[in-house]
Amino acid sequence: QLELVESGGGLVQPGGSLRLSCAASGTIFSRNDMYWYRQAPGKQRELVASITSGGSTNYADSVKGRFTISRDNAEDTLYLQMNSLKPEDTAVYYCKADEYQGRWGTLEYWGQGTQVTVSS
(Lines give C-alpha, C1' and ligand atoms only; values in the text may rest on other atoms or scores of the structure.)
Protein backbone atom coordinates (compact mmCIF):
# COMPACT_ATOMS: atom_id res chain seq x y z
CA GLN A 1 0.00 0.00 0.00
CA LEU A 2 1.41 3.37 -1.01
CA GLU A 3 1.72 5.73 1.97
CA LEU A 4 2.84 9.37 2.10
CA VAL A 5 3.77 11.18 5.32
CA GLU A 6 4.44 14.94 5.33
CA SER A 7 6.52 16.70 7.95
CA GLY A 8 8.33 19.99 8.54
CA GLY A 9 5.44 22.40 8.90
CA GLY A 10 5.16 24.94 11.66
CA LEU A 11 4.97 28.61 12.57
CA VAL A 12 7.39 30.99 10.86
CA GLN A 13 7.73 34.78 10.54
CA PRO A 14 7.24 36.55 7.20
CA GLY A 15 10.48 36.36 5.24
CA GLY A 16 11.48 33.14 6.94
CA SER A 17 12.08 29.67 5.52
CA LEU A 18 10.82 26.13 6.01
CA ARG A 19 11.57 22.81 4.36
CA LEU A 20 8.75 20.31 4.03
CA SER A 21 9.40 16.60 3.57
CA CYS A 22 7.20 13.82 2.23
CA ALA A 23 8.34 10.28 2.95
CA ALA A 24 6.94 7.60 0.63
CA SER A 25 6.65 3.87 1.20
CA GLY A 26 5.03 0.94 -0.55
CA THR A 27 5.92 2.18 -4.04
CA ILE A 28 8.73 2.31 -6.56
CA PHE A 29 9.22 5.97 -5.74
CA SER A 30 11.55 6.81 -8.62
CA ARG A 31 8.83 5.99 -11.18
CA ASN A 32 6.25 8.39 -9.72
CA ASP A 33 5.46 11.98 -10.62
CA MET A 34 5.17 13.94 -7.37
CA TYR A 35 3.30 17.09 -6.35
CA TRP A 36 2.87 19.61 -3.55
CA TYR A 37 -0.58 21.12 -3.08
CA ARG A 38 -1.86 23.54 -0.46
CA GLN A 39 -5.25 24.58 0.89
CA ALA A 40 -5.78 27.77 2.86
CA PRO A 41 -8.83 28.31 5.10
CA GLY A 42 -11.91 29.00 3.00
CA LYS A 43 -10.05 28.53 -0.29
CA GLN A 44 -9.77 25.79 -2.90
CA ARG A 45 -6.83 23.43 -2.92
CA GLU A 46 -4.18 24.60 -5.37
CA LEU A 47 -1.17 23.04 -7.03
CA VAL A 48 2.06 24.58 -5.72
CA ALA A 49 4.78 22.60 -7.49
CA SER A 50 5.40 19.36 -9.35
CA ILE A 51 8.35 17.18 -10.24
CA THR A 52 8.28 14.32 -12.72
CA SER A 53 10.04 10.98 -12.48
CA GLY A 54 12.63 12.49 -14.81
CA GLY A 55 13.21 15.52 -12.59
CA SER A 56 11.35 18.19 -14.58
CA THR A 57 9.77 20.83 -12.33
CA ASN A 58 6.91 23.30 -12.53
CA TYR A 59 5.67 25.96 -10.10
CA ALA A 60 2.63 28.08 -9.48
CA ASP A 61 3.27 31.71 -10.41
CA SER A 62 2.72 32.75 -6.80
CA VAL A 63 5.73 30.76 -5.57
CA LYS A 64 8.18 30.98 -8.48
CA GLY A 65 11.57 32.18 -7.32
CA ARG A 66 10.74 31.43 -3.68
CA PHE A 67 9.97 27.69 -3.51
CA THR A 68 12.01 24.75 -4.79
CA ILE A 69 10.67 21.23 -5.23
CA SER A 70 13.15 18.36 -5.22
CA ARG A 71 13.32 14.62 -4.69
CA ASP A 72 15.80 12.13 -3.30
CA ASN A 73 15.02 8.81 -4.94
CA ALA A 74 17.60 7.00 -2.81
CA GLU A 75 15.64 8.04 0.30
CA ASP A 76 12.13 7.84 -1.24
CA THR A 77 11.52 11.42 -0.14
CA LEU A 78 10.03 14.55 -1.72
CA TYR A 79 10.98 18.02 -0.49
CA LEU A 80 9.66 21.56 -0.73
CA GLN A 81 12.10 24.30 0.24
CA MET A 82 10.13 27.46 1.00
CA ASN A 83 11.98 30.77 1.26
CA SER A 84 10.81 34.37 1.64
CA LEU A 85 7.56 33.16 3.13
CA LYS A 86 4.52 35.43 3.09
CA PRO A 87 1.34 35.38 5.19
CA GLU A 88 -0.58 34.30 2.10
CA ASP A 89 1.49 31.09 2.06
CA THR A 90 -0.36 29.99 5.20
CA ALA A 91 -2.11 26.71 4.39
CA VAL A 92 -2.14 22.98 4.92
CA TYR A 93 0.40 21.53 2.51
CA TYR A 94 -0.24 18.11 0.96
CA CYS A 95 2.04 15.69 -0.85
CA LYS A 96 0.57 13.75 -3.79
CA ALA A 97 1.98 10.85 -5.78
CA ASP A 98 0.92 9.73 -9.24
CA GLU A 99 1.95 6.08 -9.12
CA TYR A 100 3.09 4.78 -12.47
CA GLN A 101 0.88 2.01 -13.91
CA GLY A 102 2.46 1.61 -17.32
CA ARG A 103 -0.01 1.63 -20.20
CA TRP A 104 -2.94 2.08 -17.76
CA GLY A 105 -1.76 5.51 -16.57
CA THR A 106 -1.39 6.46 -12.92
CA LEU A 107 -3.14 6.18 -9.55
CA GLU A 108 -3.28 9.14 -7.15
CA TYR A 109 -2.32 8.97 -3.48
CA TRP A 110 -2.37 11.78 -0.89
CA GLY A 111 -0.59 12.44 2.36
CA GLN A 112 -2.31 13.67 5.51
CA GLY A 113 -1.02 17.24 5.22
CA THR A 114 1.19 19.48 7.34
CA GLN A 115 0.25 22.95 8.59
CA VAL A 116 2.34 25.97 7.60
CA THR A 117 1.53 29.26 9.34
CA VAL A 118 3.32 32.47 8.36
CA SER A 119 2.62 35.20 10.89
CA SER A 120 4.26 37.92 12.95
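Whatever comes next refers back to the structure up there.
Residues numbered from 1 in each chain as written. Predicted model: local features only at pLDDT ≥ 70, side-chain atom pairs only at ≥ 80, totals over all residues. Heavy atoms only, no water.

Before going further, it helps to spend a moment on the overall build of the protein. When its secondary structure is counted, the protein shows zero helices and 11 strands. Ordered by position from the N terminus, the helices and strands of the protein form the series β-β-β-β-β-β-β-β-β-β-β. Against the compact-globule benchmark of 14 Å for 120 residues, the protein has a radius of gyration of 14 Å, which places it among compact chains. When each of the 120 residues of the protein is scored for burial, the buried share is 42%. If you sum the accessible surface of the protein, you get close to 6,500 Å²; carbon and sulfur atoms cover 44% of it. The positive charge centre, built from 11 side chains, and the negative charge centre, built from 13, are 5 Å apart in the protein. (Helix = DSSP H or I, 4+ residues; strand = E, 2+ residues; numbered from the N terminus. Rg over C-alpha atoms; globule rule 2.2 N^0.38 Å. Buried < 20%, exposed > 50% of the residue type's maximum accessible area, 1.4 Å probe, protein only. Areas by Shrake-Rupley, 256 points an atom, 1.4 Å probe, with all protein chains shown as cover. Lys, Arg positive; Asp, Glu negative; His and termini not counted. Charge placed at Lys NZ, Arg CZ, Asp CG, Glu CD.)

With that settled, consider the pattern of salt bridges. Applying the stated criterion across every chain yields a total of six salt bridges. With a shortest N-O distance of 3.2 Å, K64 and D61 are connected by a salt bridge. A salt bridge links D89 to R66; its shortest N-O distance comes to 2.8 Å. With D89 in the loop between β8 (77-82) and β9 (91-100) and R66 in the loop between β6 (57-59) and β7 (67-72), this residue pair connects regions lying 23 residues apart in the sequence. Like R66, D89 is buried. Each of the salt bridges in this network shares a partner with another, and the network as a whole consists of R38, E46, R66 and D89. (Salt bridge = Lys/Arg side-chain N within 4 Å of Asp/Glu carboxyl O.)

Secondary-structure assignment places V63 in the loop between β6 and β7. With relative accessibility at 0%, the residue V63 sits in the buried group. In this structure, the C-alpha to C-alpha distance between V63 and D89, residues 26 residues apart in sequence, is 8.7 Å. If sequence neighbours within four positions are ignored, V63 has contacts with R38 and V48. (Contact = heavy atoms within 4.5 Å.)

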